[in-house]
Structure formats: structure tokens, C-alpha cells
Amino acid sequence: MAQWQDLLRLDATLQARVSQLYEGKFPREIRHYLCVLIESLDWDLAAGDENAASTYFHALLEDLQEQCIRSVQENILLPGPDYTGMKDYLLKNFEYKPLNLAVILSECLKEEQKIKASASEVQACGSPDMDQKWKWKDMDNKINELKRLIMEVKKEMKSLEFLNDNLDFIQKTWQNKVEQDIGLAQSHAVVEEECRKRTNFIIQTKQVLLQEIVNILNLAQLIVATLTEVELPEWRLRQQLACIGSPADTCLDHLQKWFTAVAEVLLRVREQLQKLKEQNNTPDSTDASNLPGLMAVIENQTLSLFTQLLANALVVEKQPIMLSLPQRPLILKTGVCFSVRVRFLANLPEFKCLLKVKPVFDKDVEEVKTVKWFRHFDFNRDECKVLDVDSPNGDLVTEFGYMCLKEIKGRTKGSIECRLAVTEELHIIKFVTQFRHVGLELNIEASTLPVVVISATTQVSSAWASIMWNNMLSTGDSRNLQLFVDPPPLTWEQLSQVLSWQFLCTGKRELDENQLSVLRDKIVDDPDDLVHWSKFSKNKNAWLWIDGILDLIKKHLVDLWRDGSIMGFISRERTAELLKEKRTGTFLLRFSESKTNGAISFSWVDNSNGAPFVHSIYPYTKDELEKTSLPDYINTYSLRGRKSRHTNPLLYLYPDIPKDTAFGHYFTNTAEKVLSGDGYVHRKRGDFSDNPTPPPSPPREPNTDMDMEMDEETKLESHEVIQELFADSSIFPEHYGSWTSY
């Protein structure tokens, strides 16, 4: 469980790597709900022992059954996890293949450890630059000085208590002795003088003590201002950018350490002030007339700093995110569960189970009352949670794991006429709590970043465009929920950065300058290098095309993109320029500019006729790559020449990497002959084109290779006869492409 909990605390980029790790292998939902049991079993052992694998498999089933029974007994009104569906999945896929389950979980757990290790490498808490390190070091020094000063005050207070007790003892003991021996009365003046001297010393000690407390508060005031006005806003900005793909550090460990240390010092100051007040309230108090007023001023300053610190201590550690969209937080769909995690940075034992947090949708949002077409939402159920130390690191956190929205029908009858698209309407969730401790009562709030609420999965792409635009423009604590009434433009520098983050988050590699230059030529048409919202997101916009490519990479091309094998964004003209200078068979991979849903093509150069000609194959779509991987298409693609001879024209990945070196480790074994149970030989699909003479780009025609002893030339002649017979027919639409160059 500790490992899975640590992974859930990572930033959006690393959590996306976890999601991709399980994509198509094993449901993350099962990994989540069985995390304790899964991490307690030795899957490395089970991967080589079928009996152990079977035992572990049945243990998972039993655990799911127990959780299902508990869920029913607790009578939860809102539908919880689909335990039955999870159990059915395990039975369907692993009942007779428990070894496969063991191998998958063994590999996934190892990869999880690598992701955790990579997070540690970029953390110290993180990978800050030198300026940031010096700032943190300076803050640590101030905190240490604060701790030293409060220790000195505590020592002084003990000395003061001893002096008071000693004076009280002398006064009472002397009185008793005078009553027993009348002769001692003659030295009464001497004793009174000694007591007066001790009293004056006590008063001076109190004044010194109060001055030391004032010094503590002055330093604490400087620290609290830095924490609440500099460090915390900077963290919020980093989190805001991390939500849209930035690799920014969002670790809270430093902030929590500082908030906790200052809160503890201020609590100790209040305790020392209370002790001083109790001493002044005792009979025979030695207090001077000016001390109570000074103490009141100091106490008010302490309370003010404590209030300022705690009012900012509640933060949304993990922004709202649906399990189905791990790379795209802040997009919520009605009727679909999402999770949010809240943390209290002043992590003191006294505060454990003290704060009860409640989420409120669109709290204090004026648009709810004033904008006519503003949609209303609420949670499916009221839910309050207590902040408790239930995390592996002992943080004061709580996670709302099953929040779900429903739309409240009926529009606002406001005076402002403003009808935004669903994906341009921004909302917020606030978490409210009441702090009550040692006489201090305080209402505390924390707000999420603006979210977009959709009603259909087809709106995800447009919603994400809105989230990116808003997060790049609305920095700091300002929340402009009407941003898209008149959206400001982004500079190309801003937009290029956020687009590059999308590719880093999806495929582990950012866009280079050449790729960004191609995108700039397609998107920017403003002399001031500005990109307007309507140009980026409306109608047949650039973002839908880019997002289609991101989806293509996520589903089929992650490894190739990360390795740098895909040049991707490059124009046809530039493709020709690069390849014409290379030897025959040099090819590159580029994204289709005409397919909005994402497609990829390869172009190669042919110098066989004396002059270089560049050909481009018809783009491969997601549906085609679902059946066969791109490396296998590259490996099996061929040109059919005279006498029906087939040759693969793809020899060197640009600039001059042998094809097998670049893609060999991705190829599947297509040469192996495998007989099925009914005695037939398995068929393997491959692509071929007729060799163009002279060359426009050839069309692509899927071919079915049979590992049978049949005359190749006879087969091809028969194929040509069929093609002629059905030249005007659409019987074989998938087999015959156009001769257009792509």
C-alpha cells in the first residue's frame, strides 16, 4: 500500500507514466483497491511458480469478495467500486492463466519502483535551481533560529519560575520564624530589603523574557509573510502548471516542514504568555504596572500571526481528477466519480482529527447569481471528512475518493446575458472547515483551480484546451471564471511551452525547435506573435489536430516518440529537402497534416532513376495501428516491381540509421510458421505498393501472406485479373488506395 500511496502523491506527469504502465495490461482500479494485498505478496516468486500464482490469484478474488460484502453492509447509497466487475475481469482473463497475472504484476511493481526512483532523482524536494536552493537554505536557517529562540525563552521561564518560588518560600518562611522568635523581628528591614531586590530582579527577568518573545514574533512575522505571500503562491503556480503537463516540482514537504515549525513555535509562545499571566494573577504578585499591557499587545500579535498562518495552511494537494483521465485533471463529467486530496500544512499532533472538511461547489461564485446561462451543479451526496494522519508519511490529509456531480436544472435569471460553450464555463470547488483550539476559532477555506464540467466524452479535447488556456493566463490566486467571455490571447512563447508539455506528458519527449517552428507556421498569423482563442480552438482548429496526434502517440507510438524515431511535425517541402540529400532508402516518419484524428506516414527517397524522388505512403490511422504496430508495417512494407518481385524500399531511418538498428527490437516474429489447432497456417498481413515509374507516391495495398508453397507470380496475376473485373466496384475498398501523395 505504501508504494501505491506514494505513486498517488506524485505530480501529474509521473502519475501519467503510472497510467500508461497499466494501459492495456491490468486495470488500475483493481491495483488501487487491492493495493495492500498486492504489495504484500511475492509476485517475482509467483511468476515462476504456478502453484504460488494460483494461490495468489484466489487470494485476490477473496479480498474483492470481502470488500464487496463490507460495501453492502455499510449501505452506501452512492454506487461504489464495481467489485463484481473487477472479479469477473480476473476470472475471465486469469482463471486458467494465473502465471500471466503474476508476470504482469511482477513487471508492473518493478516499473512502479523505477517511477518512484525517477521522482526521487528530481527531488531534493524536487530539482530546484541554485537560487531556489539558496532561498530554501535561508528559510531553514530562519526556522532554526526561531526554534533556538523559543528554547531560550523556555529556559528563561523555568528560571523565572524558580525565582518566584524562591521568593515565595523566603517570604512565607520568614514570617513563620518571626512568629516563633520575637528577636528576629529586629532584622525585618534587612529581610524586606532582600525581598525587594529579588522582586526587582524578577521584574527585570520578565521584561527580558518579554523582549525575547517580541524578537521571536518579529522573526516569525517575517517568516509567515514569506510563507503566505511568496512560497505558497509560488507552489500554487507550480501546481497550476503541473496540471497542464509542466514537469514543475509540486512537492509540499518543505512547506509543511516550515508551516509546522512556525505553528509549533507560536503555540509555545502562547503557552509561555499564559504562564506569565498566571504568575501575575497570583497573590503577592511581583508584577509591575506596565507589564500586563505589554503582555496583552504581545498576545494579540501572537494570535494575529497564528491566525494568518493557519488560514493559509489548508491546501488542495491533488486537484480534481477522474480515474479515466489521469493526464487531464480539472475536467469533470457529470455522473462520473473523481477524487481530490486536501492537506493541512501545520501538521501538529494537537491538530489530529481536529478539522472536519466539507466540499462546496461554486461557493461565493457571483456568476451563479448574475450570469443568465450559467449552469448549476452539486454533489450527489453530502460528504465531510476529518483530517487525520493516515498516510505513510504521517501527513495531515484526507482524500475525497468518490465525489460525483449532478446538474441542477434551471438556469440563473441573472442580469448578465452570457452564453458560453459548455467547455468554456469555469467552476470551482471549495473545501471549508472550522478551526477551534485553545480559545482560537477560525474559518478556513481552500479552493481548487477552475474546473470544466462536461456531459459527454466527446467534449474532453475542447475542455482540455480551455484548461490549458486558463492555467497559462490566470496565475496566482485570481480566479476569473468569466475568462472565456472575452478570452485574452496567448503569446506563441506561452502556447509553444504548454504544447511541448503535452508531448512530454504523453510521450516522455518535448517538441524541439524545428517541430515547434512547423506548428507556429500553422497556428500563428498575428504580427505580434499572438495566438487568439478562436484561432486555436474554434471550428476546424489546430488543437483538435494536435490532440489527435497526442492520442495516436499515447495509444500506439509512445516508445517510438520517446526514442526520437519520429520526426513528426515536418512539412512535405522540408521532407523532400532533407531526403533528397540522402542515399536511396532513407526514410523518415511524419504526422499527417490532413487527418484530424491523428495518423502517421513515412516518406523515403529513391535515386534509382538518376534523380532523387521522394515518395510518401498513405497515412496509417489508429484503427490500422491497432491491428499491426508501425515498426511491423515498416518491416513488412514492400514495392511490387516487374516480374512481381517485392522489395522493401525502407532501409535507413533519417539521417542514416539502419532500419533494423532503429526498429529491430520492436519487430514481431513474422517469419515463424505456426499451425493452429485445425491444421491451418496462420495468415500474416503486410503492406505493398506497385513500384511507380516514373514515381508519384505509390498507394498502399494490404497483402495477406500465406506461408504456403504457391507460385507467387501466379497469385499476383490472379490478383490483377480480379482488380480489372471489379474496377468500378467498391467490393474491395480497403485494398485499393489512391495515387495521391501525402
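Not measured: the values here are computed from a predicted model. (Residues numbered from 1 in each chain as written. Predicted model: local features only at pLDDT ≥ 70, side-chain atom pairs only at ≥ 80, totals over all residues. Heavy atoms only, no water.)

(A) Highlighting helix α14 (residues 460–473). Over its 14 residues, α14 extends 20 Å from the first C-alpha to the last, a length consistent with the 20 Å expected when each residue adds 1.5 Å. Extensive coverage of α14 is indicated by the burial of 12 of its 14 residues. Within the sequence span of α14, burial applies to V460, S461, A463, W464, A465, S466, I467, M468, W469, N470, N471 and M472. (Helix = DSSP H or I, 4+ residues; strand = E, 2+ residues; numbered from the N terminus. Expected span 1.5 Å × (residues − 1). Buried < 20%, exposed > 50% of the residue type's maximum accessible area, 1.4 Å probe, protein only.)

(B) A look at helix α16 (residues 513–523). Considered for burial, the residues of α16 that qualify are Q515, L516, V518, L519 and I523. All buried residues of α16 fall inside an arc of 155° around its axis, so they share one side. In α16, those exposed residues whose orientation departs by more than 90 degrees from the buried face are E513, N514 and D521. The N-cap residue of α16 is D512: its side-chain oxygen and the backbone nitrogen of N514 are 3.1 Å apart. (Arc of directions from axis to C-beta. Polar contact = N/O pair within 3.5 Å; in protein donor to acceptor, adjacent residues only side chain to side chain.)

(C) Spotlight on the confidence of the model for the protein. Per-residue confidence for the protein gives a mean pLDDT of 79, with 76% of residues at or over 70. When the elements of the protein are averaged for pLDDT, helix α23 (residues 712–725) gives the smallest value, 39, and strand β2 (residues 331–333) the largest, 95. Here residues 122–127 is modelled with pLDDT under 50, and outside its nearest four sequence neighbours on either side it reaches 10 contacts, counting other chains as well. Of the regions scoring below 50 in pLDDT, residues 703–742 engages in 55 contacts with residues more than four places distant in sequence or in other chains. (pLDDT = per-residue confidence, 0-100. Contact = heavy atoms within 4.5 Å.)

(D) Just the pattern of salt bridges, in detail. With the rule as written, the count across this model stands at 30 salt bridges. Taking the shortest distance from any N to any O, the salt bridge between E383 and R381 comes out at 3.9 Å. E383 sits in the buried class, given a relative accessible area of 15%. Between E445 and K430 there is a salt bridge, and its shortest N-O distance comes to 3.5 Å. Taken together, the residues E445 in strand β12 (residues 440–447) and K430 in strand β11 (residues 429–437) connect sequence positions 15 residues apart. Residue E445 is classed as partly exposed on the basis of its relative accessible area of 35%. (Salt bridge = Lys/Arg side-chain N within 4 Å of Asp/Glu carboxyl O.)

(E) Examining the environment of K147 more closely. With respect to the secondary-structure elements, K147 resides in helix α9 (residues 130–180). Along the primary structure K147 and V262 are separated by 115 residues, whereas in three dimensions their C-alpha atoms are 8.5 Å apart.

(F) Summary view of the sheet that holds strand β4 (residues 356–361). A sheet is described by the order of its strands in space; here four strands give the open sequence β6-β4-β11-β12, paired in antiparallel fashion. The open sheet terminates on both sides in strands that have one partner only, identified here as β6 (385–386) and β12. Bridge count for β4 against β6 is two bridges, and the pairing is antiparallel. Within β6, the position partnered with K356 by the bridge is V386. Here helix α12 (residues 291–311) sits on the sheet in contact with β11 and β12, set at roughly 30° to β12. (Pairing = 2+ DSSP bridges. Axes fitted to C-alpha atoms, helices over the stretch in contact; angles between N-to-C directions.)

(G) Looking closely at the sheet that holds strand β13 (residues 451–454). Taken in spatial order, the three strands of this open sheet run β2-β13-β10, and their pairing is mixed. Looking at strand neighbours, the two that pair on one side only are β2 and β10 (426–427), the edges of this open sheet. Relative to β13, β2 runs parallel, the two sharing three bridges. Bridge pairing links L332 to V453 in β13. Across the face of the sheet, α14 comes into contact with β2, β10 and β13 while running at roughly 165° to β13.

(H) Structural detail: the packing of aromatic side chains. The final tally for this structure, using the stated rule, is 28 aromatic pairs. Measuring from ring centre to ring centre gives 6.3 Å for W4 and Y22, while their planes differ by 85°; the resulting arrangement is edge-to-face. You can see W4 sitting in helix α1 (residues 2–8) and its partner Y22 sitting in helix α2 (residues 12–22), a full 18 residues away along the chain. With respect to burial, W4 and Y22 carry one shared label: buried. By way of ring pairs, the aromatic residues W469, F484, W533, F536 and W543 are connected into one cluster. The ring of F400 carries the charged tip of K385 above its face, separated from the ring centre by 5.8 Å. Above the plane of the ring of W545 lies K522, whose end atom (NZ or CZ) is 4.8 Å from the centre. (Phe/Tyr/Trp six-rings, centres within 6.5 Å; stacked < 30°, edge-to-face > 60°. Lys NZ or Arg CZ within 6 Å of the ring centre and 35° of its normal.)

(I) Region of the structure containing the pairing of strand β1 (residues 314–322). Most of β1 is tucked away, with nine of its nine residues classed as buried. Strand direction decides the pairing type here: β1 and strand β3 (residues 338–344), joined by six bridges, are antiparallel. Paired with I321 across the strands is S339, a residue of β3.

(J) The packing of α14 against helix α15 (residues 492–507), seen in detail. Packing of α14 against α15 brings their axes to within 11 Å, and their N-to-C directions diverge by 130°. Between α14 and α15, the interaxial angle falls into the category oblique. Seen from above, α14 lies across α15 with right-handed handedness. Contacts from W464, M468, W469 and M472 in α14 reach Q494, L495, V498, W501 and Q502 in α15. (Parallel < 35°, antiparallel > 145°, perpendicular 65-115°, else oblique. Left-handed = near helix turned anticlockwise from the far one by under 90°.)

(K) Fine view of unusual backbone geometry. Looking along the chain, the bond that leaves Y654 and enters P655 is cis, with omega of 10°. Residue position: P655 is located in the loop between β22 (652–653) and β23 (657–658). Backbone geometry places K508, a non-glycine residue, at a positive phi of 65°. Here K508 shows up in the loop between α15 and α16. K508 sits in the partly exposed class, given a relative accessible area of 22%. Not every positive phi belongs to a glycine, and D529 is a case in point at roughly 65°. Looking at where D529 falls in the secondary structure, it is placed in the loop between α16 and β15 (530–531). You can call D529 partly exposed: its relative accessible area is 26%.

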